[in-house]
Amino acid sequence: MRAEQHGVTGAVEPAGRADADADQRAAQLPALGIDIGGTKVAGGVVAPDGTILDTARRATPGKSVTATEDAISAVVDELAQRHGGPLVGVGVGAAGWFDRTGDTVLFSPHLAWRHQALRKDLVGRLQRPLWVGNDADAAAWAEYRYGAARGSSLMLMITLGTGIGGGIVIDGRLQRGSHGVAGEWGHMRVVPDGRLCACGNRGCWEQYASGNALGHTAREVADHSPAAAADLLDRVDGNAARLTGEVVARAAADGDPLAIELLCEVGTWLGQGIADLSAILDPDVVVIGGGVSVLGETVLAPARERLERALPGRGFRPGPRVVAAELGAQAGLVGAADLVRRAVADGDG
């Protein structure tokens, strides 16, 4: 869907040259980026240098496909109206598994999409060039273009939140996999017959190195040794069932020794998984994003230590740099905006 199909006109000239010029002009325009999570639809007007010029958001009505698409349209309309000038298109990143084309959401854990033709639905509503894909892919692209992985040849993004997601950029190209679901690191099995995962398998990496894992381990400690977890239990009125990753993270930030120990354990599991990924993909940089990553070196230092001890061929080969993401919670919308800009500039939008 080319920009000139949406009202961009000019002097008559050979079609090939006109198309190329229009596509290159599009690369210099701001784009709209949309990041859809379980609780909010966040949008932004993003300049070609990655600067966010304006933002808007709506609550995500996750149980209704139509209402979710209404929320996306409302954010796009609000931002476009306030911006007033030309926009190259809309990039949409959403939590879920997409097919290779990005046309269809195969499954979304927090939203109502099941084999939903999202691109077809949205392109009819928005009437703008469109990129649609996984939110962690969009975040990975943002970190490659503007953040902690600038200039890398092979970067991996690992998003640590409720679970673990991520993305891959190789030689300047986002890799979505043969079926569109590459980068679901969280479901590598690291403990045979370990904790049951929501995906249906046991022992998945995200059961040991995520926000959910942090809360799970804290509850285990509180159940088996309440005295050791006394300070944590005080934060939840003695109810161990209310111990979540967020509670533990706040306690660690306040200096609670047990909470810090539990975060170090998450970091150690993180480092082991990075070592396993390095054996397969040999990245030059691994960027850690997501909610848990804001704890910084409390998690990253033990991850690097474990990576150094577990990297296959250690001592005879370099390992990847492990760094914190730079763009924070807005990486998804920044990456989605740049991906639609790139698609239009390449004539694919």
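Residues numbered from 1 in each chain as written. Predicted model: local features only at pLDDT ≥ 70, side-chain atom pairs only at ≥ 80, totals over all residues. Heavy atoms only, no water.

1. Let's talk about a nonpolar patch on the surface
Here comes step 1: Where nonpolar side chains cluster on the molecular surface, the patch consists of W97, F107 and V181 and spans about 230 Å² of accessible area.
Here comes step 2: Judged by relative accessible area, F107 falls into the partly exposed class, the value being 34%. (Patch = residues over 30% accessible without salt bridge, like charges linked within 9 Å, V, L, I, M, F, W, Y side chains within 5 Å. Areas by Shrake-Rupley, 256 points an atom, 1.4 Å probe, with all protein chains shown as cover. Salt bridge = Lys/Arg side-chain N within 4 Å of Asp/Glu carboxyl O. Buried < 20%, exposed > 50% of the residue type's maximum accessible area, 1.4 Å probe, protein only.)

2. Let's talk about the sheet that holds strand β4 (residues 90–94)
Sheet strands pair via backbone hydrogen bonds, and the direction of the pair is either parallel or antiparallel.
Here comes step 1: Across the sheet, 5 strands lie side by side as β3-β2-β1-β4-β8; this open sheet has mixed pairing. Each edge of the open sheet is held by one strand with a lone partner, namely β3 (52–59) and β8 (130–134). Across the sheet, the mean angle from the axis of one strand to that of its neighbour is 15°, orientation sign disregarded.
Here comes step 2: Sheet analysis places β4 next to β8, joined by 5 bridges and oriented parallel. Note on β8: the bridge partner recorded for A94 is N134.
Here comes step 3: Running over the sheet, helix α3 (residues 118–126) touches β4 and β8 and is turned about 145° from β8. (Pairing = 2+ DSSP bridges. Helix = DSSP H or I, 4+ residues; strand = E, 2+ residues; numbered from the N terminus. Axes fitted to C-alpha atoms, helices over the stretch in contact; angles between N-to-C directions. Contact = heavy atoms within 4.5 Å.)

3. With respect to the side chain of D338
Here comes step 1: Tracing the backbone shows D338 in helix α10 (residues 331–345).
Here comes step 2: Here the side chain of D338 touches R341 through a polar contact of 2.9 Å, side chain to side chain.
Here comes step 3: Apart from the residues lying within four places of it in its own chain, the contact partners of D338 are W141, R145 and Y146. (Polar contact = N/O pair within 3.5 Å; in protein donor to acceptor, adjacent residues only side chain to side chain.)

4. Overview of the packing of helix α2 (residues 65–83) against α3
Here comes step 1: Running from N to C, α2 and α3 point in directions that differ by 45°, and their axes come no closer than 11 Å. Considering their axes alone, α2 and α3 lie oblique with respect to each other. Crossing angle aside, the handedness with which α2 passes α3 is right-handed. Contacts from T66, E69, D70, I72, S73 and V76 in α2 reach L118, D121, L122, R125 and L126 in α3.
Here comes step 2: Considering only residue class, the contact of α2 with α3 consists of 5 nonpolar, 2 polar and 4 charged. (Parallel < 35°, antiparallel > 145°, perpendicular 65-115°, else oblique. Left-handed = near helix turned anticlockwise from the far one by under 90°. Nonpolar A, V, L, I, M, F, W, Y, C, P; charged D, E, K, R; others polar.)

5. Details of the environment of T104
Here comes step 1: Position of T104 among the secondary structure elements: in the loop between β5 (97–98) and β6 (105–107).
Here comes step 2: Using a relative accessible area of 18% as the deciding quantity, one classes T104 as buried.
Here comes step 3: When the C-alpha positions of T104 and D135 are compared, they lie 14 Å apart, and in sequence the two are 31 residues distant.
Here comes step 4: When near neighbours in sequence (up to four residues on either side) are disregarded, T104 contacts W97, F98, D99, H115, Q116, A117 and L118.

In short, shape yes, function no, at least from these values alone.
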